[in-house]
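# Inside the fold
Chain by chain, the residues:
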Amino acid sequence: MNASLIPYLKEIGRGKDGMRNLTFEQARQLWGWILDGQVGDLELGAFCIAMRIKSETPEEMAGFLDATHARLRVPASLHPDPARATTVVLPSYNGARKLPLLTPLLAVLLQRAGLQVLLHGMRTEARRITAPEVLAAMSAGLNASGDTLPAWVDTGALCPGLPRILRVRYSVGLRNSAHSLVKLMNPLAGTPAAARTIVVGSYTHPEYAESMAATIALMQGHALLLRGTEGEPVADPRRLPQLNGYLHGTLAAQRPAQGGSLASLPDLPQETTAEAAARYSLAVLRGELPVPQPLTEQVDLLHSMADELH
């Protein structure tokens, strides 16, 4: 470890009135040092807390993303065929606590719509149900229906230095810049498929919608932003959130949030176990239960965005 974050900490850690933002180049260099393991644990923790207090600017997040994309290594077996179909990237990091985890269901519905899907993630919540758990529980049922499991890649396989930053949360109890970064990261950056990839980014707090959109604009990316279900990139099955679709960094498609009283609710399982989420998802895929309308809207919007990229 031979890089020092002290000059940067002096910029971002001066408190409300004295703090200064990093430039794109500073952010890219700093984040690269962290990913390459050149920064000690104490400095990394201090940086994460300082950025949590200050919050990232779009330029800083774009710099972090640029450094990350330069270090990604997607296994060749997971490289989609850009000539065949657009790829939808689903980052799954939050998991489920109160509602069944339907990110795997969304993935299969997208595949049925003719899109390629790549899920990525790792456990960042100690007591939440994760996508790999639900996918494992769905596996046999999917084979029986003729569907295939969507591609899944662990964050550590994508970028070995990234899990270390995400795990700082276990030490300090707070999320950090990496938890926002993975929601916008394109694992296929630098591959032929990148030009036909749409990242589904989710946020929990409304103020992040604007900063994430500004970052997408700087990166000239293709993305769908929504207030996800418990932080997952899937629409709430009970009520459609606002869906904003961006192509080449510009707002290109929208679905308004559902207002008013709900006429009916989907027959969601009461349990949030992986097995309960899998049973519900398979029942929907077999046609025994209807597809929740918000998921249908999300699939339709992504499909129309993919058509624009042809």
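The written sequence of each chain sets the order in which its residues are numbered from 1. Residue-level local features of this predicted model are given only where pLDDT is at least 70; pairs of side-chain atoms are given and counted only at 80 or more, and the full residue set underlies all totals for whole chains, interfaces and linings. Derived side-chain values reflect all non-hydrogen atoms in the structure, with water molecules and hydrogen atoms excluded from consideration.

Here the focus is the overall build of the protein. When helices and strands are tallied, the protein shows 13 helices and 7 strands. Across its three principal axes, the protein shows a C-alpha extent of roughly 60 × 40 × 40 Å. In the form shown here, the protein has an accessible surface area of approximately 13600 Å², with 51% of it arising from carbon and sulfur atoms. For the purpose of charge, His is not counted, nor are the chain termini; Lys and Arg are scored as positive and Asp and Glu as negative. Where a charge sits is defined by one atom per residue type, namely NZ (Lys), CZ (Arg), CG (Asp) or CD (Glu). Treating the 28 positive side-chain charges of the protein as one cloud and the 28 negative ones as another, the clouds have centres 5 Å apart. A run of H or I in DSSP counts as a helix once it spans at least four residues, and a run of E counts as a strand once it spans at least two, with each numbered from the N terminus. In this description, accessible areas are obtained by the Shrake-Rupley approach with a 1.4 Å probe, and a residue is regarded as covered only by the protein chains that are shown.

What follows deals with the sheet that holds strand E2 (residues 116-121). Pairing between the strands of a sheet is mediated by backbone hydrogen bonds and can be parallel or antiparallel. Strands qualify as paired when DSSP identifies two bridges or more between them. Judged by pairing direction, the sheet is mixed, and its 7 strands sit side by side in the order E3-E2-E1-E4-E5-E6-E7 without closing on themselves. For this open sheet the edge positions go to strand E3 (151-154) and strand E7 (250-255), each flanked by a neighbour on one side alone. Pairwise comparison of adjacent strand axes, ignoring direction, gives a mean angle of 25° for this sheet. Alignment of strand E4 (residues 197-203) against strand E5 (residues 223-227), held across 5 bridges, turns out to be parallel. Each residue of the ladder has a partner; that of Tyr203, found in E5, is Arg227. Strands strand E1 (87-91), E4, E5, strand E6 (243-247) and E7 of the sheet are contacted by helix H13 (residues 293-308), whose axis makes an angle of about 15° with E6. Angles shown run from 0 to 180 degrees and are taken between the N-to-C directions of axes, each axis being a line fitted to C-alpha atoms and, for helices, limited to the stretch in contact. Here, residues are in contact when the closest pair of their heavy atoms is within 4.5 Å.

Before going further, it helps to spend a moment on the pairing of E6. Burial analysis of E6 places 5 of its 5 residues in the buried class, the great majority of the element. With 4 bridges connecting them, E5 and E6 associate as antiparallel partners. Paired with Leu224 across the bridge in E6 is Gly245. One ladder, built from 5 bridges, connects E6 with E7; its direction is antiparallel. Among the inter-strand pairings, Asn244 is bridged to a residue of E7, identified as Gln254. Between E6 and the antiparallel strand that follows it, E7, lie 2 residues; His248 among them carries a positive phi value of about 55°. Here the term buried applies to any residue with accessible area under 20% of the maximum for its type, exposed to any over 50%, and partly exposed to those in between, with areas from a 1.4 Å probe on protein chains only.

Stacked, tilted and edge-to-face are the three classes assigned to paired rings of Phe, Tyr and Trp, where Trp is represented by its six-membered ring and a pair needs centres within 6.5 Å; plane angles under 30 degrees give stacked, over 60 edge-to-face, the rest tilted. With the rule as written, the count across this model stands at 4 aromatic pairs. Joined through ring pairs, the aromatic side chains of Trp31, Phe47 and Phe64 make up one cluster.

The subject of this paragraph is unusual backbone geometry. In the Ramachandran plot, Ser55 falls in the positive-phi region, its phi being about 75° despite a non-glycine side chain. By the element assignment, Ser55 lies in the loop between helix H3 (41-54) and helix H4 (58-69). Given a relative accessible area of 37%, Ser55 falls into the partly exposed group.

Between Lys or Arg on one side and Asp or Glu on the other, a salt bridge is scored when a side-chain nitrogen of the former is within 4 Å of a carboxyl oxygen of the latter. Enumeration according to the criterion identifies 15 salt bridges in this entry. A salt bridge links Asp41 to Arg164; its shortest N-O distance comes to 2.7 Å. One end of the pair, Asp41, is in helix H3; the other, Arg164, is in helix H8 (residues 162-166), and 123 residues separate them in sequence. Assessed through its relative accessible area of 24%, Arg164 is described here as partly exposed. For Glu125, the salt bridge goes to Arg175, with nearest N and O atoms at 2.6 Å. Remark: Arg175 occurs in the loop between helix H9 (168-172) and helix H10 (177-181) and Glu125 occurs in the loop between E2 and helix H6 (131-145); sequence separation between them is 50 residues. The class for Arg175 is partly exposed, based on a relative accessible area of 25%. One salt-bridge network, held together by shared partners, links Glu125, Arg128, Arg169 and Arg175.

Moving on, we come to the nonpolar core. Here, nonpolar core means buried Ala, Val, Leu, Ile, Met, Phe, Trp, Tyr and Cys residues that are tied together by side-chain atoms lying within 4.5 Å of each other. The biggest cluster of nonpolar side chains holds 47 residues, and the ones touching the most others in it are Trp31, Phe47 and Leu162. Those residues within four positions of Leu162 in sequence are excluded, and the remaining contacts are Trp31, Leu35, Thr68, Thr155, Ala178, Leu181, Val182 and Met185. Formed by 45 residues, the second largest nonpolar core is a distinct cluster that contains Leu102, Val134, Leu243 and Leu302.

This part is about helix H11 (residues 207-219). The α-helix advances 3.6 residues per turn, and as a result positions three or four apart in sequence lie on the same side. Across its 13 residues, H11 extends 19 Å between first and last C-alpha, which sits within 8% of the 18 Å expected from 1.5 Å per residue. Residues Met212, Ala213, Thr215 and Ile216 constitute the buried set of H11. The buried residues of H11 all sit within an arc of 160° when viewed along its axis, so they share a single face. Of the exposed residues in H11, the ones pointing more than 90 degrees away from its buried face are Glu207 and Glu210. Looking at the buried positions of H11, the neighbouring elements they touch are H4, E4, E5 and E6. Two residues or fewer after H11 comes Gln220, characterised by a positive phi angle close to 55°. Multiplying 1.5 Å by the helix residue count minus one yields the expected span of that helix. This arc is taken over the directions from the axis of the helix to the C-beta atoms.

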